[in-house]
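Chain by chain, the residues run as shown.
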Amino acid sequence: MNDSPEAASARSASAMDRVQTPAPPQASSGRGWWRPLALVALLVAGITIAWVALRGEEEAGSDNMLVHLVEAADGFQPDVPTTETARAEAYILEMLGWAVSPPDLPALALVGVGVAPIGALPEGAEDVEMPDVVTPAYRYEGQSGETAFVFAYDYIVLDQVRTAFDLPEATYAVLAEPTPVDTRRLGDAYLVTWRQRAIIYTAVTRSEALFERIGQAVAT
């Protein structure tokens, strides 16, 4: 994409040859009129390609919430080990004042609940008592010991952090569809993001089999 075309004048002879053996004058046939336009077109195309490539790097390097959730999953340890949905609900209500339930995921067992920091609030945010953005977080285990971590949040949380990090636009678009389930891979992590009414959940796992089961479960 960055290759430059070779100069047409260097294809057949060196500069010294051309000085020593000039070509005899010929009548203009008008065949070369397009060459300056072609050079201009190549220059414009090169500039356009470089701009698009730079724009792609900027978008790829922009911070997004899913990256933060993968990092949070790597360090998450439940505050309360529990297999009971009611106990998990009570803990989150006590800690965050938010009535939210851990999702029901067939073939997976809830084993713990906690409050997970997922990043710093953007500069100038009003909540000085809690400088980090935190969400309810749950640990699940499969029958073979595979683990998945599920984070719960809503559009209010997304509005809080939007100037610092945000969901990808493609994920937002999927969450607005009749079947609001977004699946993707980031490095060696698999993510399923889905919406149940006003609550958004993101499951993070390193197990492809678990990823597929979660995706199927929340899409039905």
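Anything mentioned here points back to the structure above.
Reading guide: rules and limits
- Residues numbered from 1 in each chain as written.
- Predicted model: local features only at pLDDT ≥ 70, side-chain atom pairs only at ≥ 80, totals over all residues.
- Heavy atoms only, no water.
- Helix = DSSP H or I, 4+ residues; strand = E, 2+ residues; numbered from the N terminus.
- Buried < 20%, exposed > 50% of the residue type's maximum accessible area, 1.4 Å probe, protein only.
- Contact = heavy atoms within 4.5 Å.
- Core = buried A, V, L, I, M, F, W, Y, C linked by side-chain atoms within 4.5 Å.
- Expected span 1.5 Å × (residues − 1).
- Arc of directions from axis to C-beta.
- Salt bridge = Lys/Arg side-chain N within 4 Å of Asp/Glu carboxyl O.
- Pairing = 2+ DSSP bridges.
- Axes fitted to C-alpha atoms, helices over the stretch in contact; angles between N-to-C directions.
- Polar contact = N/O pair within 3.5 Å; in protein donor to acceptor, adjacent residues only side chain to side chain.
- Phe/Tyr/Trp six-rings, centres within 6.5 Å; stacked < 30°, edge-to-face > 60°.

Side note on the side chain of Thr 135
Next up, step 1: In this fold, Thr 135 is placed in strand 3 (residues 132-141).
Next up, step 2: By relative accessible area, which is 1% here, Thr 135 ends up buried.
Next up, step 3: Excluding residues within four positions of it along the chain, Thr 135 makes contact with Leu 96, Gly 114, Val 115, Ala 116, Ile 118, Phe 151, Ala 152 and Tyr 153.

Examining the nonpolar core
Next up, step 1: Counting 26 residues, the largest nonpolar core has Val 100, Leu 105, Tyr 138, Tyr 140, Val 150, Trp 194 and Ile 214 as the members making the most contacts within it.
Next up, step 2: Of all the secondary-structure elements, those providing two or more residues to this core are helix 4 (85-96), strand 2 (109-120), strand 3, strand 4 (147-153), strand 6 (189-196), strand 7 (199-205) and helix 7 (208-219).
Next up, step 3: Looking at this core element by element, the count peaks at four residues for helix 7.
Next up, step 4: Counting residues in hydrophobic clusters, the runner-up holds 24 residues, among them Met 65, Leu 158, Val 161 and Ile 200.

Some details on helix 7
Next up, step 1: Relative to the 16 Å expected for 12 residues at 1.5 Å per residue, helix 7 spans 17 Å between its end C-alpha atoms, a close match to the ideal helical length.
Next up, step 2: The set of residues buried in helix 7 consists of Leu 210, Phe 211, Ile 214, Gly 215 and Val 218. Along the axis of helix 7, the buried positions cluster into a sector of 135 degrees, meaning they face one direction only.
Next up, step 3: Turning to helix 7, the residues buried within the fold contact strand 4, strand 5 (181-186), strand 6 and strand 7.

Section: the pattern of salt bridges
Next up, step 1: The final tally for this structure, using the stated rule, is six salt bridges.
Next up, step 2: Put simply, Arg 206 and Asp 74 hold a salt bridge, and the shortest N to O gap is 2.8 Å. Of this pair, Arg 206 sits in the loop between strand 7 and helix 7 while Asp 74 sits in helix 3 (residues 65-75), and the two are 132 residues apart along the sequence.
Next up, step 3: Residue classification places Arg 206 among the partly exposed positions, given a relative accessible area of 39%.
Next up, step 4: Of the charged contacts, one joins Arg 184 and Asp 182 as a salt bridge, the two residues approaching to 2.8 Å between their closest N and O atoms.
Next up, step 5: The buried category is assigned to Asp 182, whose relative accessible area is 6%.

Thoughts on the sheet that holds strand 7
Next up, step 1: Taken in spatial order, the seven strands make up an open sheet running 1-2-3-4-7-6-5, and their pairing is antiparallel. Looking at strand neighbours, the two that pair on one side only are strand 1 (80-81) and strand 5, the edges of this open sheet.
Next up, step 2: Pairing analysis gives two bridges linking strand 1 to strand 2, with the strands arranged antiparallel. Bridging across to strand 2, Val 80 finds its partner in Val 113.
Next up, step 3: Seen against the sheet, helix 4 touches strand 1, strand 2 and strand 3 and runs at an angle of roughly 25 degrees to strand 2.

Focus: the environment of Thr 220
Next up, step 1: One can find Thr 220 in the segment after helix 7.
Next up, step 2: For Thr 220, a relative accessible area of 84% corresponds to the exposed category.
Next up, step 3: Here the side chain of Thr 220 touches Ala 217 through a polar contact of 3.0 Å, landing on its backbone oxygen.

A closer look at the packing of aromatic side chains
Next up, step 1: Scanning all chains against the criterion turns up three aromatic pairs.
Next up, step 2: Taking the centre distance of 6.1 Å and the plane angle of 85 degrees together, the rings of Phe 76 and Phe 149 count as edge-to-face. Separated by 73 residues along the polypeptide, Phe 76 in the loop between helix 3 and strand 1 and Phe 149 in strand 4 bring together distant segments of the chain. The same class applies to Phe 76 as to Phe 149, namely buried.

Remarks on the environment of Gly 187
Next up, step 1: Take Gly 187: it is sitting in the loop between strand 5 and strand 6.
Next up, step 2: C-alpha of Gly 187 to C-alpha of Val 70: the two residues are 117 residues apart in sequence and 9.7 Å apart in space.

Brief notes about unusual backbone geometry
Next up, step 1: Unlike most non-glycine residues, Ala 107 shows phi in positive territory, near 70 degrees.
Next up, step 2: Non-glycine residue Arg 197 carries a positive phi angle of around 55 degrees.
Next up, step 3: If you trace the backbone, Arg 197 turns up in the loop between strand 6 and strand 7.
Next up, step 4: Exposure remark for Arg 197: the relative accessible area of 76% places this residue in the exposed category.

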